[in-house]
Amino acid sequence: MEAAAHGTTTISPQLAARAERGDLLTLGMEEEYLLVDAVEPRGVETVEAVLDEVPEELRPSVQHEYLRSQIEVASPPQLELAGLYAAMSRLRTGVADAAERAGSRLVAAGAGPAAGPNTRLVDNPRYHRMRERFGDLAPGQGLCGTHVHVSIPDPETGVRVLNHLRPWLPVLQAAAANSPLFGGHDTGYASWRSMMWERWPTVGPTPYLHSHEHYLTLLADLRASGAMLDDGMLYWYARLSANYPTVELRMGDVTPTLDDAILLAALARALVTTLLNEVRSGAEAPDVPHPLLMAAHWRAAKDGLEGLGLDMASREPRPAWRLLRQLVAYVRPELERYGDLELTTVLLDRLRSRGTGAARQRALLAKGTPVAGVVDWLARTTRGET
């Protein structure tokens, strides 16, 4: 869900000047988490108590999400990947500690793994209007994603970058897959959150856009249709941020480890920068048919990185890991220019050896670990203990 702007995510003049001098793009991240009982694996409505326990210095970066069993954090903008890692580590640890003081646990999972009652909305007028209009499209204990913000020079350029991003987003979605369980059973999908999320009327691949004016016209038409209350309900997998001068990539589950989240952020910035160079050179984005994009995102949700993905050039299924390696090779020059290549390589190797969050949860199940044990593992992993 789109939430109110975080004060700490406003870029400072000093950071903007540094970015402009080096022709660098800033980077920020939002993560949504579940709150589960301290002992049982079910979601609990403790967000108010958790917020009360968050340290004062972190509070500007932490807020409600849609349901009372969810909470969200947002990093300040960064130029260095290490800075983003440090900022998100402080937020994960600080909010996890606050959750424990409030009698619950913080869990980074795309959807509620365990069975339990549906939790109630946060008492927010906008959320109540959403429920009134759209009904029960978010049952359970919440759907939790990762959103990566990468700065852009202006909205017109941003729209062109969105066009170039379209074929690349399914493989990033696959890398973030972390919701194979829902309601206490394996759904057969690496990202069940993706399938549930698509029920909202504005969720899906970004359409091919002809200009920023075209983008604004589509938003106005969607508001007039009733499919969204406001611009914050534009849930395309990539969009222009409603609050900041950024492109926002929002197709992925929240990942169990900070390593996986930072890898996603590094690849997102390198990809946006690479595509910005394509835009500046006058290259036209491929107008990939919308049904093919839908098929590629379905494949990413189904298999994650452990199966097949759709190669958007050949339009044939390929091993998803091969597609991710192709993306890394494509953006390698920008990873080097930002100084991110070494850390990205380490994080990519860790992901390869451990598997996605979905694969790791299923590995635990295969060893006989009950769903409650998987939730225990997720809680430890969220705060960096495994």
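Just so you know, these numbers come straight off a predicted model, no measurement behind them.

### Some thoughts on the overall build of the protein
In step 1: Each helix and strand in the protein was counted, giving 14 helices and 11 strands.
In step 2: A compact globule built from 386 residues should have a C-alpha radius of gyration of about 21 Å, and the protein, at 19 Å, falls within 12% of that.
In step 3: Here the protein holds 386 residues, and 59% of them are scored as buried.
In step 4: Just so you have it, the protein exposes about 14,600 Å², and 53% of that area is on carbon and sulfur atoms.
In step 5: Within the protein, the 48 negative side-chain charges are centred at a point lying 4 Å from the centre of the 39 positive side-chain charges.

### Focus: the layout of surface pockets
In step 1: In this structure, the second largest pocket encloses a volume near 360 Å³.
In step 2: Lining the second largest pocket are 23 residues; nearest its centre among them are Pro167, Trp168, Asp311, Met312 and Ala313.
In step 3: For the lining of the second largest pocket, the secondary structure elements donating two or more residues are helix H6 (169-175), helix H9 (258-280), helix H10 (290-303), strand S10 (308-311) and helix H11 (320-338).
In step 4: Ranked by the residues each element gives to the lining of the second largest pocket, the list is headed by H11, at 4 residues.
In step 5: Of the residues that constitute the lining of the second largest pocket, the class distribution is 17 nonpolar, 3 polar and 3 charged.

### Thoughts on the pattern of salt bridges
In step 1: Throughout the structure, instances matching the rule amount to 26 salt bridges.
In step 2: For the salt bridge of Arg105 with Asp376, the shortest nitrogen-to-oxygen distance reads 2.7 Å. With Arg105 in strand S4 (residues 104-107) and Asp376 in helix H14 (residues 371-382), this pair connects stretches of sequence that are 271 residues apart.
In step 3: By sharing partners, the salt bridges in this structure join Asp97, Glu100, Arg383 and Glu385 into a single network.

### Observations regarding the environment of Glu80
In step 1: Residue placement: Glu80 occurs in the loop between strand S3 (70-74) and helix H3 (81-101).
In step 2: Overall, the relative accessible area of 41% leaves Glu80 in the partly exposed class.

### Details of the packing of aromatic side chains
In step 1: In this structure the tally under the stated criterion is 9 aromatic pairs.
In step 2: Seen from their ring centres, Trp200 and Tyr235 are 6.3 Å apart, and the 85° between their planes marks the pair as edge-to-face. Here Trp200 is found in the loop between helix H7 (192-197) and helix H8 (212-225), whereas its partner Tyr235 is found in the loop between H8 and strand S8 (238-240), with 35 residues between them in sequence. No difference in accessibility class separates Trp200 from Tyr235, as the two residues are buried.
In step 3: Grouping aromatic residues by their ring pairs yields a cluster made of Tyr66, Tyr127, Phe134, Trp197, Trp200 and Tyr235.

### What to know about the packing of H11 against helix H12 (residues 341-354)
Two quantities define a packed helix pair, namely the angle between the helix axes and the distance between the axes.
In step 1: It is the contact of H11 with H12, at a shortest axis distance of 10 Å, that shows an interaxial angle of 165°. The angle between H11 and H12 places the two elements in the roughly antiparallel class. The crossing of H11 and H12 is right-handed. Across from Trp321, Leu324, Arg325, Val328, Arg332, Leu335 and Glu336 in H11, the residues of H12 making contact are Leu341, Thr344, Leu348, Asp349, Leu351 and Arg352.
In step 2: Of the residues assigned to the contact of H11 with H12, the class counts are 7 nonpolar, 1 polar and 5 charged.

### Digging into the pairing of strand S5 (residues 145-151)
For a regular strand, side-chain orientation follows a simple rule: the groups alternate between the two sheet faces.
In step 1: Taken across its 7 residues, S5 has 7 buried, putting it largely inside the fold.
In step 2: Side chains of S5 alternate between two faces, with Gly145, His147, His149 and Ser151 and Thr146, Val148 and Val150 buried alike.
In step 3: Inspection of the sheet shows strand S1 (residues 27-37) paired to S5 by 5 bridges, in the antiparallel sense. Paired with Glu30 across the two strands is His147, which belongs to S5.
In step 4: As defined by bridge partners, S5 adjoins strand S9 (residues 246-253) across 6 bridges and the pair is classed as antiparallel. Counterpart to Gly145 in the pairing with S9 is Asp253.

### Focus on H14
In step 1: For H14, with 12 residues, the first-to-last C-alpha span of 16 Å sits near the 16 Å given by 1.5 Å per residue.
In step 2: What H14 keeps buried is the set Val371, Gly373, Val374, Val375, Trp377, Leu378, Ala379, Thr381 and Thr382.
In step 3: In the core, the buried residues of H14 are packed alongside S1, H3, S4, strand S6 (181-182) and helix H13 (357-366).
In step 4: The positive-phi residue at the C-terminal boundary of H14 is Gly384, with phi of around 85°.

### Focus: the environment of Gly142
In step 1: As for its position among the elements, Gly142 is in the loop between helix H4 (125-134) and S5.
In step 2: The exposure class of Gly142 is buried, given its relative accessible area of 4%.
In step 3: For Gly142 and Glu334, which are 192 residues apart along the polypeptide, the C-alpha to C-alpha distance reads 35 Å.
In step 4: The contacts of Gly142, once residues within four sequence positions are left out, are Leu34, Leu67, Gln70, Gly110, Ala111 and Gly112.

### Regarding the packing of H3 against H9
In step 1: Taken N-terminus to C-terminus, the directions of H3 and H9 make an angle of 145°; their axes are 10 Å apart at the nearest point. Judged by the twist between their axes, the crossing of H3 over H9 is right-handed. On H9, the residues touching Leu81, Leu84, Tyr85, Met88, Ser89 and Arg92 of H3 are Leu258, Asp259, Ile262, Ala265, Ala266 and Arg269.
In step 2: Taken together, the residues of the contact of H3 with H9 break down into 8 nonpolar, 1 polar and 3 charged.

### Some details on the nonpolar core
In step 1: If you look at the biggest cluster of nonpolar residues, it comprises 109 residues, and the most contacted ones within it are Ile71, Leu165, Leu172, Trp200, Tyr215, Leu249 and Leu267.
In step 2: Per-element tally for this core: the top contributor is H9, with 15 residues.
In step 3: If we skip the residues at most four places from it in the chain, Leu249 touches Thr146, His147, Val148, Leu165, Leu169, Leu172, Tyr237, Ala238, Ala268 and Val272.
In step 4: In terms of nonpolar packing, the next biggest core, distinct from the first, is built from 6 residues, Leu292, Leu293, Ala296 and Leu310 among them.

What counts as what
- Residues numbered from 1 in each chain as written.
- Predicted model: local features only at pLDDT ≥ 70, side-chain atom pairs only at ≥ 80, totals over all residues.
- Heavy atoms only, no water.
- Helix = DSSP H or I, 4+ residues; strand = E, 2+ residues; numbered from the N terminus.
- Rg over C-alpha atoms; globule rule 2.2 N^0.38 Å.
- Buried < 20%, exposed > 50% of the residue type's maximum accessible area, 1.4 Å probe, protein only.
- Areas by Shrake-Rupley, 256 points an atom, 1.4 Å probe, with all protein chains shown as cover.
- Lys, Arg positive; Asp, Glu negative; His and termini not counted.
- Charge placed at Lys NZ, Arg CZ, Asp CG, Glu CD.
- 1 Å grid on protein atoms, 1.4 Å probe; cavity = no way out; pocket = protein on both sides within 12 Å on 5 of 7 lines; lining within 4 Å.
- Points joined across faces, edges and corners; volume = space filled by probe spheres on them.
- Nonpolar A, V, L, I, M, F, W, Y, C, P; charged D, E, K, R; others polar.
- Salt bridge = Lys/Arg side-chain N within 4 Å of Asp/Glu carboxyl O.
- Phe/Tyr/Trp six-rings, centres within 6.5 Å; stacked < 30°, edge-to-face > 60°.
- Axes fitted to C-alpha atoms, helices over the stretch in contact; angles between N-to-C directions.
- Parallel < 35°, antiparallel > 145°, perpendicular 65-115°, else oblique.
- Left-handed = near helix turned anticlockwise from the far one by under 90°.
- Contact = heavy atoms within 4.5 Å.
- Pairing = 2+ DSSP bridges.
- Expected span 1.5 Å × (residues − 1).
- Core = buried A, V, L, I, M, F, W, Y, C linked by side-chain atoms within 4.5 Å.

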